[in-house]
Amino acid sequence: MKTDLDFKNFYTEHLLPELDIVEKKRFSILIQLAVTSFIVLGFFGAYAYTFAIVWQAPLMLALYIPTFGFVLLAAYKTFDIIIKNTSFYDYFKKNIIFKTIIYMNPAMRYDKKYFIAKNEFFKSGIFKEEKVKYKGDDYVAGNLEEDVTIEFSELHIKYADKDLIKEKKSETMFLGIF
């Protein structure tokens, strides 16, 4: 059986160098986002200045505010999509999560895109079956002992019915490891 000291050594030798690489990639992405935001703000600042000051049309500023909001929302969604589909995301799963699972038990299986089936989730009886939006990832399965099988994944389950959302005062039914 592995000890705390074994895991600390594994962490220091194998995970820490990988985490340093991940942190450098994350920081690079944040710098790129900051530069992009600065450019967008500069563009819209010039836009507002042109209409409000140069052309003496302060009412045109009313067009600037929703446009600016839309651009920020678009930038956020773009950044979110890019992060989830870049090597940064895959690198972390492959070099941190996968290595940790294999270290804990080499017989475990890991699939970064698969997740616990919807029918299995509701079959547990923990939650009443409802109309939901069901997503997940990071599926892990295997045997701990000869007769102890486990499986789990990250799940994000949202209510799909607007009346249920109002009743429950939440969009989220479940978010976490199941």
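Residues numbered from 1 in each chain as written. Predicted model: local features only at pLDDT ≥ 70, side-chain atom pairs only at ≥ 80, totals over all residues. Heavy atoms only, no water.

A. Representation of the packing of aromatic side chains within the structure. In this structure the tally under the stated criterion is 14 aromatic pairs. Both rings, one in Phe 7 and one in Tyr 103, keep their centres 5.8 Å apart while their planes meet at 55°; by these two values the pair is tilted. Pair noted here: Phe 7 is in helix α1 (residues 4-54) and Tyr 103 is in helix α3 (residues 87-104), with a separation of 96 residues, a long-range link. Given a relative accessible area of 31%, Phe 7 falls into the partly exposed group. Summarising the aromatic geometry, the rings of Phe 174 and Phe 178 are spaced 5.9 Å apart at their centres and angled 85° between planes, so their arrangement reads as edge-to-face. (Phe/Tyr/Trp six-rings, centres within 6.5 Å; stacked < 30°, edge-to-face > 60°. Helix = DSSP H or I, 4+ residues; strand = E, 2+ residues; numbered from the N terminus. Buried < 20%, exposed > 50% of the residue type's maximum accessible area, 1.4 Å probe, protein only.)

B. Structural view of the pairing of strand β3 (residues 148-159). Two elements, strand β2 (residues 132-145) and β3, share 11 bridges in a ladder whose sense is antiparallel. Bridging from a neighbouring strand, Lys 135 pairs with His 156 of β3. Counting the residues in the hairpin turn of β2 and β3 gives 2 residues. (Pairing = 2+ DSSP bridges.)

C. Structural context of the environment of Leu 33. Along the chain, Leu 33 falls in helix α1. Residue class for Leu 33 comes out partly exposed when judged on its relative accessible area of 29%. A C-alpha to C-alpha distance of 9.4 Å links Leu 33 and Tyr 76, two positions 43 residues apart in sequence.

D. Main features of the pairing of β2. Pairing of strand β1 (residues 109-111) with β2 involves 3 bridges; the strand directions are antiparallel. Counterpart to Arg 109 in the pairing with β2 is Ala 141.

Without other data, these values stay purely geometric and don't point to any function.
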